[in-house]
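# An overview of the molecular structure
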Amino acid sequence: MVAAQIVATLASLLTLSLSPVAVADNVTSLAGTWTSKSAKVFTGPGFYDPVEEQFFEPNTTGMSYSFTDDGYFESALYTVVSNATNPKCPQAFLQWQHGTYVLQDDGKMILNPIAVDGRQLQSDPCTYSKSLYTRWNETVTMKSWEILIDTMHENYRLNLYEFDGSPMNPMYLAYRPALMLPTATLNPTATATASTASKKRKRSLGAVQAQGKLGGMEADTWWWIGAGMTVLGGIGFLAV
């Protein structure tokens, strides 16, 4: 009873000082870094290095979104997806992008990425001997969003709903202010050239093959993960 009263009091106090990106039904600002339940994936320099063109593989799968009060966002996604045709061949993806976002009057959230900056590292060990490193971007429409107080986790929870209303995995506030890379365009050249010797290394990102790894994991490791997934019945997504 006392805990419930404390939560209610906290919510009422925070509602009085909401930032411009909070709406009436939310208990706090959208600004900050949010991460899924695994709390292993975060936006910022610990996930992707735009100078060295390098991903840093988290310990487990998950996702993270960051927002600023003045309309910028960043996202970091780490997923492993089973292969329905051949469960021994899972695919793993590291995906990063940033840009601007808009909160519409109808409740939608639109994420508009800087197209030249987005990156993806894909591991498909049954198809490629090395991971594929490519440019990647995706304009995202969230049908709605909300921020609640999660009493079980004793933290703010961000619920995002995809364009069709399907709920995404909930995320929890991890950092405020947000943990993000610079919001300006990081790789402005339209066509980058390969140069492993240069510190500011850029690659022609049609389908660059990395050194047989996704982060620190060899392609063979992903094969064994696939075999394990077969034993478990071929899960669609690893838990986040």
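Residues numbered from 1 in each chain as written. Predicted model: local features only at pLDDT ≥ 70, side-chain atom pairs only at ≥ 80, totals over all residues. Heavy atoms only, no water.

What follows is about the overall build of the protein. Looking only at helices and strands, the protein features two helices and 16 strands. Burial statistics for the protein: of 240 residues in total, 42% are counted as buried. Across the protein, every contact between residues at least 6 apart in sequence was considered, and the portion connecting residues at least 24 apart equals 62%. Only carbon and sulfur atoms are counted for the fraction: they give 56% of the accessible area of the protein, which is about 12,300 Å². (Helix = DSSP H or I, 4+ residues; strand = E, 2+ residues; numbered from the N terminus. Buried < 20%, exposed > 50% of the residue type's maximum accessible area, 1.4 Å probe, protein only. Contact = heavy atoms within 4.5 Å. Areas by Shrake-Rupley, 256 points an atom, 1.4 Å probe, with all protein chains shown as cover.)

Apart from glycine, the bulk of residues carry a negative phi angle, and the bulk of peptide bonds sit in the trans form. The omega angle of the peptide bond from R176 to P177 is 5°, so this bond is cis rather than trans. Within the fold, P177 resides in the loop between β13 (171–175) and β14 (208–209). Located in the positive-phi region is A39, a residue other than glycine, with phi close to 55°. Inspection of the secondary structure puts A39 in the loop between β1 (32–36) and β2 (48–49). Non-glycine residue E53 carries a positive phi angle of around 50°. Residue placement: E53 occurs in the loop between β2 and β3 (54–55). With relative accessibility at 2%, the residue E53 sits in the buried group.

Another point: the packing of aromatic side chains. Under the counting rule described, the total for this entry stands at seven aromatic pairs. Considering the side-chain rings of Y48 and F55, the 5.2 Å spacing of their centres and the 40° angle between planes classify their relative orientation as tilted. Like Y48, the residue F55 is buried in the burial classification. Considering the side-chain rings of F55 and Y133, the 6.1 Å spacing of their centres and the 70° angle between planes classify their relative orientation as edge-to-face. Taken as a pair, F55 in strand β3 and Y133 in strand β9 (residues 132–135) lie far apart in primary sequence, 78 residues in all. Residue classification places Y133 among the buried positions, given a relative accessible area of 1%. In textbook terms, an aromatic cluster arises when at least three aromatic residues are bridged by ring pairs, as seen for F47, Y48, F55, W96 and Y133. (Phe/Tyr/Trp six-rings, centres within 6.5 Å; stacked < 30°, edge-to-face > 60°.)

Under the counting rule described, the total for this entry stands at one disulfide. Disulfide partner of C89: C126, at an S-S distance of 2.0 Å. The S-S bond linking C89 to C126 shows a torsion near -85°; that makes this disulfide left-handed. Highlighted residues: C89 in the loop between β5 (72–81) and β6 (91–103) and C126 in the loop between β8 (119–123) and β9, separated in sequence by 37 residues. The class for C126 is partly exposed, based on a relative accessible area of 36%. (Disulfide = S-S within 2.5 Å.)

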